[in-house]
Structure formats: C-alpha cells, structure tokens
Amino acid sequence: MQTLRASKCGLSTTQLPSSILDVIDSLTKAGYEAYIVGGGVRDLMLGLNPKDFDAVTNATPAQVKEVFGRRCRIIGRRFELAHVYSGRELIEVATFRAPPKKAVTSTSGMILRDNNWGTIEQDFARRDFSINTLYYQPRKGIVLDFCDAISDVKNKTLRLLGDPKQRFEEDPVRMLRTLRFAAKLNFDIDPDILKIFDVEMTQLLRDVSPHRLYDESQKLFTMGHLARVLPMLIEFNIWKQLFADIKPDISKFIERAAKNTDQRIQIGKTINPAFFYAVLLWKPFLERCDFYQSKGVVPAEARAQAGLDVLKRQATRTVIPRFAETFIREVWEMQVRLLNPKPQQIEALAGHARFRAGFDFLLLREKSGDDSTQGMGQWWDHYQSLSSDEKEIAISQYNRQRAKTRRKQNTEWVESKEVVAEIEPLVNVPEPRSRRARRDQTRNKDNAGRISESASENMSTDQPIMKRKRVKRDLSQVVFGPTQ
C-alpha cells in the first residue's frame, strides 16, 4: 500500500460537492472511518466531471442509519447498502467487505449473497477494477493506493484484480462494465481479460436478472460514448445477450441516433434512454407489422399487436419498465401521424406530448436515408420555426399539395384500371352458398337469356313500336320556365 498526497493526484476539496463532504464529516464525527472511493476519485484524477460520488466506511448499514436517521434508507439483499440523502443529492454509502466465510453462489459461480463486513485492506481486494480502488480522504488530504492503481490510471489500462475468469463468474455484469469503462475512458483492456472474453463467457449474462441488465443498458446509453461502445458490443459477443430480435448490425439509422444521443449529453441536454430502445427495435417492429398486414389485419391493429410482440420478446433479455414501453409505442405511432397529417390536425399534433420525440425520430430516419418519410421530417423542422401567420400559410400550401398528389394518384389509378364492357347489375345478388342454389341460379340465367333472344327474334318491323315515327316539335310555341 502507498499513501499519496491528494494535491499531487490533482485532487482538492474545492472540486467536491457539499453533499459528499457532509456524509464524510458526519461519519468521521461519529467515530468511523470514511473515504470517497470509486469512479468519482478516478474521474477527478483524469480531469473529468464525475456524475456522482460514493462513500465507503467501516460502519455497518445499521450504524450508518443511526448516524443519519431519517435521511438514510437501507437497500439491497445481495449487496446491502445505505442511501443517504443530503439536500437533493443521494450518496451511496457501502461498508468495508470481507471475503465470505461460506460462499453463497449459483451453479455458474455468481455470488448471491455478499454481506460480510471487514477492513479496508479486505475491501479493496473485493473490488473489480484497479482504477476503482483509490480511497480518498478529503479532510486529511490523502489517497490510499493498495494495488498501484495510480499507474493504471496514468497508463490508461483497464485491469481486473485477481483472476479475470473468476471475477466474471462472480458477477457477469463486470463484462458490461469492462466495455463501458473502455469506451468511456478510452482505456486499453488488459490482455489477461481479452484471453477469456469469449462467446462461452458471455453466456453467463443469461443468469443475470433482466431487470438488472436493463439498468446496465441504460448506463451504456447515457454515458456519452454510445457510438463508441456499440461496435464493441458486437465484437465481444455481448449484443446477442442484450437484444433479442435485433441483428448484430449497426445500420445508418442506429449509428446516427447514437451520435445524436452523445452530442445531446455533451452539450448538457436531457435524454430519454427509452428513445434509443425505440431506434434499436424499429426494424423488428416494421417486420412484425408487415407480417400482420399480410394476414389481412388492418394497419392500426397490426401496429398495436406488433409493438406488443416486439417488446415482449425484448423482455426476455432486458425488462423495459411499463412507462418506457408506453413511450416507445407512442413514438412509433407518431411516425404514421406525422407522415400524412390532416391539415386541420397539424396544429394539435405540434402540441402533442410526444411530438418532439416523434419528430426527432422521423428526422433521424430521413437523414439516415429512409425514403419512406417523403421529406416530412424537413417540413416539420421548417414548420416549427415559423410564426403563427406563416404556419397558416404553410398549412394551406401543404393542403393544396396534398390535394394535388391525391388527384394525380386517382388519375393514375383510373388509367391503369381495365375498362369493363359489361354493365354491372343495379342490385348485387350475393353468391349462393349451397351447390343446389348455385345450380338453380345458373338455370334461371340461362332461361332468361333464351327468353330475351326469342323475344328479339320475334320482334319484326310490323310491331307498333317499330312503326312509330318521331314527330318534330315546334319549340317556338314552348314556354320555358316555371309553370303557373
């Protein structure tokens, strides 16, 4: 172990929010050891802006609860933790862990229970990556390094503590964390990890709860380097373990959506992680819609059933929460409404709760080369920048263009339709179902045909109707207009 000066590592209390300092000070004042550990320390040393900070202490979760009272909530079964609220911030406080006296694991070696308290020396050995084992005490101004993690940070190397195979078996989610850290920090993966990172190892992710995998997928989508991590998911055979019916192929639409998501995060805009699920599942959704429509199902019902099917299949890998499923289906449904809106509904559509998400989705489709959008993405983009009077003019122009397109389609349909010489009957007689009824109907038609032929043959020029001559009337004597 080596003790480093925090100032030499580029760390200072001025970089820390008041919430984490409040937790550290409260635990220290109560007589416990307390450190900042994990990604917060690592990111500060790399010059990044950490999203959150985690604390670690020798106090048990019950003792942490005594210190903070109603501000603390104990969570977790597999890993028992304390969540401490400081103002609006949430700080996760963990207790030093020791190796389990009797390991409670699954058949594949995944740890099912890990609530054995220990010392700080035992705790660092239980952590996964070396770069996450730096313990920072801000009030003392020191950093404890037990495994030369500072060298891995400087060399930008991602290294697991202990045997990589055993660490992945203990918690298969560490494979996802490996790719996430490598993409986010632009670190090289240690060769010892690459040796065992194969298809057979990734099968262990099937033992992980679909709810937990969904949470990990959200971290991949929201870390700001989604475009970089997607090819890695395919390269390391993780893609098939996360996505059910999505082919391991990054289309132009998915690639553009990933880059757009990263750009929004970098400029500080909010994102909805469910939006990228809507992008990923778009192609399977369209294929399922075509399947139902080929069976004769009306388009609206086909879309509804296809959405249910696709999301249900995805739930076998990652369970998407109900509110996120609703969001995804509404974004898909908005594509139809935005593509061919009625003029009188345009203003209401622009004020719809899902308009922005649906419009972004449509514009991404159009920019990625999807011709089926018919340029409506650009039209809606232009429409939003207009004033009220200009919007009315734009809607009128759209209405005229829409009517013109319809007339053209109707003309083409009439020209392509074959001219039928036969006169259609005024009353459509339904087709008889029984064989006897069909035979009688055919017989009646034949009899009617024979009667009409014989009548025309018998009619001669001697008939009164044939002798009748047309008399030319004198129109000068006719009074036109309303009669008295």
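Residue positions are given per chain, counted from 1 along the sequence in the order it is written. The predicted nature of this model means local features are confined to residues of pLDDT at least 70 and side-chain atom pairs, given and counted, to a pLDDT of 80 or more, with totals for whole chains, interfaces and linings taken over all residues. Computation of side-chain values covers all heavy atoms of the structure but excludes hydrogens and water.

**Q** Would you explain the overall build of the protein in this entry?
**A** Strands are runs of DSSP state E lasting at least 2 residues, helices are runs of H or I lasting at least 4, and numbering of each runs from the N terminus. Each helix and strand in the protein was counted, giving 23 helices and twelve strands. Computed with a 1.4 Å probe, the accessible areas rest on the Shrake-Rupley method; for each residue, only the protein chains presented here act as cover. As displayed, the protein offers around 29400 Å² of accessible surface, 49% of which is attributable to carbon and sulfur atoms.

**Q** I'm lost on the pattern of salt bridges in this one. Help?
**A** When their charged atoms lie close together, side chains carrying opposite charge are able to pair. Think of a salt bridge as a Lys or Arg side-chain nitrogen and an Asp or Glu carboxyl oxygen that are within 4 Å of each other. Counted by the stated rule, this structure contains 20 salt bridges. Ionic pairing is found between aspartate 128 and arginine 177, a salt bridge with its closest N-O pair at 2.9 Å. Residue aspartate 128 is located in the loop between helix H4 (120-126) and strand S9 (134-137), and its partner arginine 177 is located in helix H7 (residues 173-185); the two are separated by 49 residues in the primary sequence. Two residues, arginine 288 and aspartate 309, come together in a salt bridge whose shortest N-O distance is 3.0 Å. Linking arginine 288 in helix H15 (residues 282-294) with aspartate 309 in helix H16 (residues 299-314), this pair joins segments that are 21 residues apart in sequence. Summary of the burial criterion: residues with accessible area below 20% of their type's maximum are buried, those above 50% are exposed, and those between are partly exposed, where the area comes from a 1.4 Å probe applied to protein chains only. Take arginine 288: its relative accessible area is 31%, and that puts it in the partly exposed class. Among the residues examined, aspartate 309 registers a relative accessible area of 17% and is labelled buried. Here the salt bridges share partners, and the residues they tie into one network are Arg42, Asp43 and Lys184.

**Q** Explanation requested: the side chain of aspartate 171 in the structure shown.
**A** Mapped onto the elements of the fold, aspartate 171 is located in the loop between helix H6 (164-170) and H7. Since its relative accessible area comes to 8%, aspartate 171 is described here as buried. Polar contact is the term for a pair of N or O atoms within 3.5 Å; when the atoms are in protein, one must be able to donate a hydrogen and the other to accept it, and sequence-neighboring residues count only if both atoms are side-chain atoms. A polar side-chain atom of aspartate 171 sits 3.0 Å from a polar atom in the side chain of arginine 212.

**Q** It is not clear to me how the packing of aromatic side chains should be interpreted in this structure. Could you clarify?
**A** The description of two aromatic rings rests on the distance between their centres and on the angle between their planes. Planes of paired rings set the category: under 30 degrees apart is stacked, over 60 is edge-to-face and the rest tilted, where pairs are Phe, Tyr or Trp rings (Trp by its six-membered ring) whose centres lie within 6.5 Å. For the structure shown, the criterion picks out 23 aromatic pairs. When the ring of tryptophan 380 is compared with that of tyrosine 383, the centres are 5.7 Å apart and the planes differ by 80 degrees; the resulting orientation is edge-to-face. Placement of the pair is tryptophan 380 and tyrosine 383 together in helix H20 (residues 376-384), with a separation of three residues, close to one helical turn. The buried category is assigned to tryptophan 380, whose relative accessible area is 0%.

**Q** What am I meant to see in the nonpolar core here?
**A** One broad rule of soluble globular proteins: the nonpolar side chains tend to lie buried together. In plain words, nonpolar cores are sets of buried Ala, Val, Leu, Ile, Met, Phe, Trp, Tyr and Cys residues tied together by side-chain atoms within 4.5 Å. Membership of the largest hydrophobic core comes to 109 residues, with the highest contact counts inside it found for Tyr135, Ile238 and Phe276. Looking at this core element by element, the count peaks at eight residues for H7.

**Q** Would you mind showing me how to read the confidence of the model for the protein here?
**A** Any region with low pLDDT has predicted coordinates that should not be read closely. Scored from 0 to 100, pLDDT records how confident the predictor is in each individual residue. Scored by pLDDT, the protein has a mean of 85; 82% of the residues are at 70 or more. A contact between two residues is defined here by any heavy atoms of the two lying within 4.5 Å. Overall, residues 418-427 carries pLDDT values under 50, and its contacts beyond four positions in sequence, including any with other chains, amount to zero contacts.

**Q** Mind showing me how you'd approach the packing of helix H13 (residues 252-266) against helix H19 (residues 355-367) here?
**A** The angle between the axes and the distance between the axes are what describe a pair of packed helices. Only the contacting stretch of a helix is used when fitting its axis, a line to C-alpha atoms as for every element, and angles between N-to-C directions run 0 to 180 degrees. Packing of H13 against H19 leaves a shortest axis separation of 9 Å and a crossing angle of 125 degrees. It follows from the interaxial angle that H13 and H19 lie oblique. With respect to the hand of their crossing, H13 and H19 are arranged in right-handed fashion. Here Phe253, Arg256, Ala257 and Asn260 of H13 lie close against H19, whose contacting residues are Phe361, Leu364, Arg365 and Lys367. Asp, Glu, Lys and Arg are counted as charged, while Ala, Val, Leu, Ile, Met, Phe, Trp, Tyr, Cys and Pro are counted as nonpolar; the rest, among them Gly, fall into the polar class. The class makeup of the residues in the contact of H13 with H19 is four nonpolar, one polar and three charged. For this classification, under 35 degrees means roughly parallel, over 145 means roughly antiparallel, 65 to 115 means roughly perpendicular, and everything else is oblique. Handedness of each helix crossing follows the sense of rotation of the near helix against the far helix: counterclockwise by less than a right angle gives left-handed, clockwise gives right-handed.

**Q** Help me out: how do you make sense of the packing of H13 against helix H14 (residues 273-280) in this one?
**A** In contact at an axis separation of 10 Å, H13 and H14 are set at 170 degrees when each is read in the N-to-C sense. Comparing the axis directions of H13 and H14 gives the class roughly antiparallel. Contacts from Phe253, Ile254, Ala257, Ala258 and Thr261 of H13 reach H14 at Phe276, Val279 and Leu280. Of the residues that constitute the contact of H13 with H14, the class distribution is seven nonpolar, one polar and no charged.

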